[in-house]
Amino acid sequence: LKSWYIGFFQLPAIPEWYLPISNIFGRSSLETTFTPKDLQQYENSWSQPGAKTGMINWYRAFVRQQPRFRVNKIQLQICIIWGTQDIALS
């Protein structure tokens, strides 16, 4: 259920209406992740017309778009690194 928001973002118009501009990161990250100046810059950017829709549309496209070409499978070794307290990937 940690990624419930991806399903929520599939709804038309409701996420844009529901999500507040201010303090989005304040609720979704550690308090020390962003400075007050950082948060103000994000708030200024996100308050522009169409900004929230543009960000949410990335999640909408991620779920809806299917590859239109054949994908060849390959095998390779990978190493994935993330923080031990990452709330989205734990």
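What counts and what doesn't
Here, residues in each chain are numbered from 1, in the same order as that chain's written sequence. Side-chain atom pairs in this predicted model are given and counted only at pLDDT of 80 or more, local residue features only at pLDDT of at least 70, and totals for whole chains, interfaces and linings cover all residues. Values shown for side chains rest on all heavy atoms present in the structure; no hydrogens or waters enter the calculation. What counts as a ring pair is set by centres within 6.5 Å for rings of Phe, Tyr and Trp (its six-membered ring), and what kind of pair is set by the plane angle: stacked under 30 degrees, edge-to-face over 60, tilted for all other angles. By the criteria applied, helices consist of DSSP H or I runs no shorter than four residues and strands consist of E runs no shorter than two, each listed in order from the N terminus. Residue-level confidence of the predictor is summarised by pLDDT, bounded by 0 at the bottom and 100 at the top.

Participant: Go over the packing of aromatic side chains, please, and point to the residues and values.
Facilitator: According to the stated counting rule, one finds 10 aromatic pairs in the structure shown. Taking 5.7 Å as the distance between ring centres and 80 degrees as the angle between the ring planes, the aromatic pair formed by tyrosine 5 and tyrosine 59 counts as edge-to-face. Taken together, the positions of tyrosine 5 in helix α1 (residues 4-8) and tyrosine 59 in helix α5 (residues 51-64) put the pair 54 residues apart, joining distant regions of the chain. Their ring planes at 80 degrees and their centres at 5.1 Å tell us that tryptophan 58 and tyrosine 59 sit as a pair that is edge-to-face. Taken together, the ring pairs connect Trp4, Tyr5, Phe8, Phe9, Tyr18, Trp58, Tyr59 and Phe62 into an aromatic cluster.

Participant: Before we move on, could you go through the confidence of the model for the protein and cite the residues and values that matter?
Facilitator: Confidence in the prediction for the protein averages 80 pLDDT; 84% of positions are at 70 or higher. Across the protein, α5 holds the top mean pLDDT of 88, while helix α3 (residues 24-28) sits lowest at 58.

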